[in-house]
Amino acid sequence: MKPRNNWIVIIIFNLLLYVISYFSTKTLLLTPEARTFPNLKFLLVLLLTILLVLSLGVAIRRYILTYLNDENERNNFRRILLFTAPLTLLLYMTLFLNYFQ
């Protein structure tokens, strides 16, 4: 596969990770305002977040095993993902904390 397509997959992965983090955190922060905690909405959002992140991981693993033939190319792609995913979450957390100040 072309390296350009790998970067598109990495950008889509990080964008989806950001969107999942945004909506799950926003929803989880609003649910403790209910009378009982943990309520059904909290548990469903937590379960849905876990399932979405796991399915995103499975999709990336399937992409790596299916479309990347060379072992060196697979390792480079994994390194880039391991570097960019925490950066995405760090960016999200800094934007999220600045929102509440």
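Criteria and cut-off values
The numbers attached to residues start from 1 for each chain and follow its sequence in the written order. Given that this is a predicted model, residues contribute local features only at a pLDDT of at least 70 and side-chain atom pairs are listed and counted only at 80 or more, while totals for whole chains, interfaces and linings are drawn from all residues. To get the side-chain values, take all heavy atoms of the structure and skip hydrogens and water. Here, nonpolar core means buried Ala, Val, Leu, Ile, Met, Phe, Trp, Tyr and Cys residues that are tied together by side-chain atoms lying within 4.5 Å of each other. Here's how the labels work: a residue is buried when its accessible area is under 20% of the maximum for its type, exposed when over 50%, partly exposed in between, all with a 1.4 Å probe on protein chains only. Under the DSSP-based scheme used, a helix requires at least four consecutive residues in state H or I and a strand at least two consecutive residues in state E, with every element numbered from the N terminus. Each helix should span, by expectation, one fewer than its residue count multiplied by 1.5 Å. For this document, the term salt bridge refers to a Lys or Arg side-chain nitrogen within 4 Å of an Asp or Glu carboxyl oxygen. Only protein atoms enter the 1 Å grid used here. Points where a 1.4 Å probe fits but cannot escape make up a cavity, open sets with protein on both sides within 12 Å along at least five of seven lines make up a pocket, and a residue lines them when an atom lies within 4 Å of a point. Grid points are joined across faces, edges and corners, and a volume is the space filled by probe spheres set on the points. Here the term charged refers only to Asp, Glu, Lys and Arg, the term nonpolar to Ala, Val, Leu, Ile, Met, Phe, Trp, Tyr, Cys and Pro, and the term polar to all other amino acids, Gly among them. Any two residues having at least one pair of non-hydrogen atoms within 4.5 Å are treated as being in contact. Here is the rule: rings of Phe, Tyr and Trp (six-membered ring for Trp) pair when centre to centre is within 6.5 Å. Planes less than 30 degrees apart are stacked, more than 60 are edge-to-face, and the remainder are tilted.

K.L.:
What is the right way to read the nonpolar core from this model?
P.N.:
Grouped burial of nonpolar side chains is what soluble globular proteins tend to show. Counting residues in each nonpolar core, the largest one holds 13 residues, and the members touching the most others are Phe13, Ile60, Ile64, Phe77 and Leu81. Elements represented by at least two residues in this core include exactly α1 (3-30), α2 (40-67) and α3 (71-99). Among the elements that take part in this core, α1 stands out by supplying 5 residues, more than any other.

K.L.:
Whenever I open this one, α2 confuses me. Can you help?
P.N.:
An α-helix turns once every 3.6 residues. As a result, residues three or four positions apart point the same way. The end-to-end C-alpha distance of α2 is 40 Å, a good match for the 40 Å that 28 residues give at a rise of 1.5 Å each. Within α2 the residues assigned to the buried category are Phe42, Val45, Thr49, Leu56, Ile60, Tyr63 and Ile64.

K.L.:
Explain the pattern of salt bridges to me, please; I cannot follow it from the model alone.
P.N.:
Any two side chains of opposite charge can pair if their charged atoms end up close together. If you walk through the whole model with that rule in mind, you get 2 salt bridges. Where Glu71 meets Arg74, a salt bridge forms, and the shortest distance between an N and an O atom there is 3.9 Å. Of this pair, Glu71 and Arg74 both sit in helix α3, separated by 3 residues, roughly a single helical turn. Residue Arg78 pairs with Glu71 through a salt bridge whose shortest N-O separation is 4.0 Å. When salt bridges with common partners are traced through the structure, they connect Glu71, Arg74 and Arg78 into a single cluster.

K.L.:
Mind showing me how you'd approach the layout of surface pockets here?
P.N.:
The gaps of empty space that remain are located by a probe, the size of a water molecule, rolled over the atoms. If you add up the space inside the second largest pocket, you get close to 180 Å³. In this structure, the second largest pocket is lined by Phe13, Leu17, Val53, Leu56, Gly57, Ile60, Arg61, Ile64, Arg78, Leu81, Leu82 and Ala85. Contributions of two or more residues to the lining of the second largest pocket are made by α1, α2 and α3. Examining the composition of the lining of the second largest pocket, we find that 6 residues originate from one element, α2, more than from any other. In terms of residue class, the lining of the second largest pocket is built from 9 nonpolar, 1 polar and 2 charged.

K.L.:
Any chance you could explain the environment of Ile20 here in plain terms?
P.N.:
Following the sequence through the fold, Ile20 ends up in helix α1. When the C-alpha positions of Ile20 and Val53 are compared, they lie 7.7 Å apart, and in sequence the two are 33 residues distant. Apart from the residues lying within four places of it in its own chain, the contact partners of Ile20 are Thr49, Leu52, Val53 and Leu56.

K.L.:
Just to check I follow, could you spell out the packing of aromatic side chains for this structure?
P.N.:
Centre-to-centre distance and the angle between the planes together describe a pair of aromatic rings. Considering all chains together, one arrives at 4 aromatic pairs under this definition. Taking 5.4 Å as the distance between ring centres and 40 degrees as the angle between the ring planes, the aromatic pair formed by Tyr63 and Tyr67 counts as tilted. Placement of the pair is Tyr63 and Tyr67 together in helix α2, with a separation of 4 residues, close to one helical turn. The class of Tyr63 is buried, set by a relative accessible area of 11%.

K.L.:
Help me out: how do you make sense of the environment of Ser24 in this one?
P.N.:
Tracing the sequence through the fold places Ser24 in helix α1. Taking C-alpha positions, Ser24 is 7.4 Å from Leu46, a pair spaced 22 residues apart along the chain.

Remember that the coordinates give geometry; whether it matters functionally is a separate question.
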